[in-house]
Amino acid sequence: MQNQGYTPAQASAVAKLPLKAVHKLIDERMIHPHRLRVGREVQRLLSKEQLIYLRLEAEGLRLLPLAIRREVAKAIEASPNAETLLLSGSRALAIQVKTARQEVKLELARLRKAQQMVVSDPEVMQGTPVFRGTRIPIDLVAEMIAQGASIEEILEGYPALDREKIELALFFTVAFPRRGRPSRRPWAKQRPLRVTRRRRVPA
């Protein structure tokens, strides 16, 4: 899929811009994704240059007037290797692109690594995405992180994982969101960590 483009969810994770904001920019035709038909559905896929633009939006470009933002989006598409953009409509305004491009490159590497650590097999947990070589659902670990569990606590409960995999769990679930209610997932009733209860001391 990466050769053809990136989904809005993947773009959201890489650019660190809320998914709702990504969809809004597409709907407002600020960026023009490539459309790919998959079965009965049509996917909207974004280019690497568009991810760089979204990263600039996350860094504050969204505070500028709409006309300038449109000009930036077009300029990045036209000059994908430019480090600085000098806007024709306002020569006093220069947009630095180099840092955003480097950040997107690093996040795309994380995206590939996250994909490689996960497998979905109908014979394992009914196809629930799990960490490769385990039966540990990645969604479960991501939810634990979202609820405030520390990496050390998760490692204690799941020694088969390592720090890097745990750190990528939430990133993966943002980039590859699953449909359906959590209660219908096969691991939903599973207890993630060992719980130690203290006995009450009689008063």
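Given the structure is predicted, the values throughout are model-derived calculations rather than measurements. (Residues numbered from 1 in each chain as written. Predicted model: local features only at pLDDT ≥ 70, side-chain atom pairs only at ≥ 80, totals over all residues. Heavy atoms only, no water.)

1. Brief notes about the packing of aromatic side chains
Summed over the entire model, instances satisfying the criterion amount to one aromatic pair. Directly above the aromatic system of F171 lies the positively charged group of R110, at a separation of 4.4 Å from the ring centroid. (Phe/Tyr/Trp six-rings, centres within 6.5 Å; stacked < 30°, edge-to-face > 60°. Lys NZ or Arg CZ within 6 Å of the ring centre and 35° of its normal.)

2. A word on helix α8 (residues 163–175)
If you check α8, its first and last C-alpha atoms are 19 Å apart, about what 13 residues at 1.5 Å a residue would give, namely 18 Å. If you look at α8, its biggest bend is around 35°, right at A169. Looking at α8, one finds that the buried residues are I166, L168, A169, F171, F172, T173 and A175. Close packing links the buried residues of α8 with α1 (8–15), α5 (98–116), β5 (118–119), β6 (130–131), α6 (138–146) and α7 (151–157). A distance of 3.2 Å separates the backbone nitrogen of E164 from a side-chain oxygen at the start of α8, and that oxygen is part of D162. (Helix = DSSP H or I, 4+ residues; strand = E, 2+ residues; numbered from the N terminus. Expected span 1.5 Å × (residues − 1). Bend = angle between axes of the 7 residues up to and from the residue. Buried < 20%, exposed > 50% of the residue type's maximum accessible area, 1.4 Å probe, protein only. Contact = heavy atoms within 4.5 Å. Polar contact = N/O pair within 3.5 Å; in protein donor to acceptor, adjacent residues only side chain to side chain.)

3. Looking at the packing of helix α3 (residues 48–58) against α5
Running from amino to carboxyl end, α3 crosses α5 at an angle of 115°, the nearest separation of the two axes being 9 Å. The angle between α3 and α5 falls in the class roughly perpendicular. When the axes of α3 and α5 are compared, the crossing they make is right-handed. Facing K48, L51, I52, R55 and L56 of α3, the residues of α5 in contact are A100, R101, E103, V104 and L108. (Axes fitted to C-alpha atoms, helices over the stretch in contact; angles between N-to-C directions. Parallel < 35°, antiparallel > 145°, perpendicular 65-115°, else oblique. Left-handed = near helix turned anticlockwise from the far one by under 90°.)

4. A look at the pairing of strand β2 (residues 41–45)
As paired strands, strand β1 (residues 34–38) and β2 are joined by five bridges and run antiparallel to one another. Along β2, the bridge assignment pairs R37 with V42. Between β1 and the antiparallel strand that follows it, β2, lie two residues; G39 among them carries a positive phi value of about 65°. (Pairing = 2+ DSSP bridges.)

5. Details of the environment of K113
Here K113 lies in helix α5. Since its relative accessible area comes to 41%, K113 is described here as partly exposed. Taking the C-alpha atoms as reference points, K113 and E164, 51 residues apart in sequence, are found 9.9 Å from one another. Filtering out sequence-adjacent residues up to four positions away, K113 remains in contact with E164 and L168.

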